[in-house]
Amino acid sequence: MIQSIPATPRTVPPEADAGDRQAHVACQDFSFYYGDNQAVKNVTLDFPSYQVTAIIGPSGCGKSTLLRSINRMNDLIPGSRTSGKMLFDGQEIYGPRLDVVTLRRRIGMVFQKPNPFPKSILNNIAYGRRLHDRLDKGELMATVETSLKRAGLWDEVKDRLEDNALSLSGGQQQRLCIARALAVDPEILLMDEPTSALDPRATARIEDLIAELRGRYTIIIVTHNMQQAARVSDFTAFLYEGNLIEYGQTARMFTKPSEKRTEDYMTGRFG
């Protein structure tokens, strides 16, 4: 069983290379299969702690599959299997003794489309803590307030906590889902195209939020938007047809990519 380990944010100089940062998640020759289809092919990749890593690539390249493998969301798909290793703080994510419930508490997930529960704003945030912990009312309300503040939503909803979460705008619903993920105190936040269903103003607010959360959480974001990857991430991984083509600091990747396929994708020649 994975034991709870408190996360301690670290400050790392922006010019430091990925190799200078401790990996929170490490893929070692990792592959993922849907039946006979190998969607992720022998990927070796470290996701550095308390930084933002963007995973980019054309549709169907394995981005979301790789992301969902980190907290084993793909386990729900019949016929799926893995090979190689994926480690979380040095422990094998697909090991036989791993507690998946604990894993998903420590690694939160935000999906492409906002998916609030048809409950009150308060009960959306409190749901996970009630599931995992026994808290008195005061502790629970403190968790709700802290989570909503971290998601930049508290001032907008503090006087309407009993309102149905479905009454919020799309951008507010997505921030609510982020707050709900943060309420159980994860160490890693996975974000699968978190702004693709939002308008430009709501997208900008989510990007600002990612910047505010940097250093407190390890964030891994899948995005089709090259400009978004350039704006929000410290590191970028480019996948193509299930293969990791290139990985490095975002600033270098977007100015001097090492691989021609990376340059071609980023300049819009394909994808």
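This structure is a prediction, so every number in the text was calculated from the model and none was measured. (Residues numbered from 1 in each chain as written. Predicted model: local features only at pLDDT ≥ 70, side-chain atom pairs only at ≥ 80, totals over all residues. Heavy atoms only, no water.)

Draft legend 1. Spotlight on helix 4 (residues 137-150). When the terminal C-alpha atoms of helix 4 are compared, their 20 Å separation across 14 residues agrees well with the 20 Å that a helix rising 1.5 Å per residue should span. For helix 4, the complete set of buried residues consists of Leu140, Thr143, Val144, Ser147 and Leu148. On an axial view of helix 4, the arc spanned by its buried residues comes to 120°, and they lie on one face. For helix 4, the side-chain oxygen to backbone nitrogen distance between the N-cap and Gly138 is 3.1 Å, and the N-cap itself is Asp136. Gly152 occupies a position one or two residues after helix 4 and carries a positive phi of about 70°. (Helix = DSSP H or I, 4+ residues; strand = E, 2+ residues; numbered from the N terminus. Expected span 1.5 Å × (residues − 1). Buried < 20%, exposed > 50% of the residue type's maximum accessible area, 1.4 Å probe, protein only. Arc of directions from axis to C-beta. Polar contact = N/O pair within 3.5 Å; in protein donor to acceptor, adjacent residues only side chain to side chain.)

Draft legend 2. Up close: the pairing of strand 2 (residues 37-48). In this structure, strand 1 (residues 23-34) lies alongside strand 2, joined through eight bridges in antiparallel fashion. Across the sheet, Cys27 pairs through a bridge with Leu45, a residue of strand 2. Hairpin connection between strand 1 and strand 2: a loop of two residues separates the two successive antiparallel strands, and Gly35 in this loop has a positive phi of roughly 65°. (Pairing = 2+ DSSP bridges.)

Draft legend 3. Layout of the packing of aromatic side chains. With the rule as written, the count across this model stands at five aromatic pairs. With a centroid separation of 5.9 Å and an interplanar angle of 35°, the aromatic rings of Phe30 and Tyr94 are classed as tilted. With Phe30 in strand 1 and Tyr94 in the loop between strand 5 (91-92) and helix 2 (100-106), this residue pair connects regions lying 64 residues apart in the sequence. Judged by centre distance (5.0 Å) and plane angle (65°), the ring pair of Phe117 and Tyr127 falls under edge-to-face. Of the two residues, Phe117 is situated in the loop between strand 6 (107-110) and helix 3 (121-132) and Tyr127 in helix 3; the sequence distance between them amounts to 10 residues. Of the residues examined, Tyr127 reaches a relative accessible area of 39% and is grouped as partly exposed. The ring of Tyr33 carries the charged tip of Arg81 above its face, separated from the ring centre by 4.0 Å. A cation over an aromatic ring shows up here: Arg180 above the ring of Phe117, its NZ or CZ 4.1 Å from the ring centre. (Phe/Tyr/Trp six-rings, centres within 6.5 Å; stacked < 30°, edge-to-face > 60°. Lys NZ or Arg CZ within 6 Å of the ring centre and 35° of its normal.)

Draft legend 4. Spatial organisation of the nonpolar core. Core analysis: the biggest nonpolar cluster contains 43 residues, and Leu148, Ile178 and Leu189 have the highest contact counts within it. One finds Leu66, Met109, Leu190 and Leu239 within the second-largest nonpolar core, a separate group that totals 27 residues. (Core = buried A, V, L, I, M, F, W, Y, C linked by side-chain atoms within 4.5 Å.)

Draft legend 5. Seen up close, helix 6 (residues 170-182). Its 13 residues give helix 6 an end-to-end C-alpha distance of 19 Å, which sits within 8% of 18 Å, the value for a rise of 1.5 Å per residue. Every buried residue belonging to helix 6 is among Gly171, Gln172, Gln173, Gln174, Arg175, Leu176, Cys177, Ile178, Ala179, Arg180, Ala181 and Leu182, and all of these are buried.

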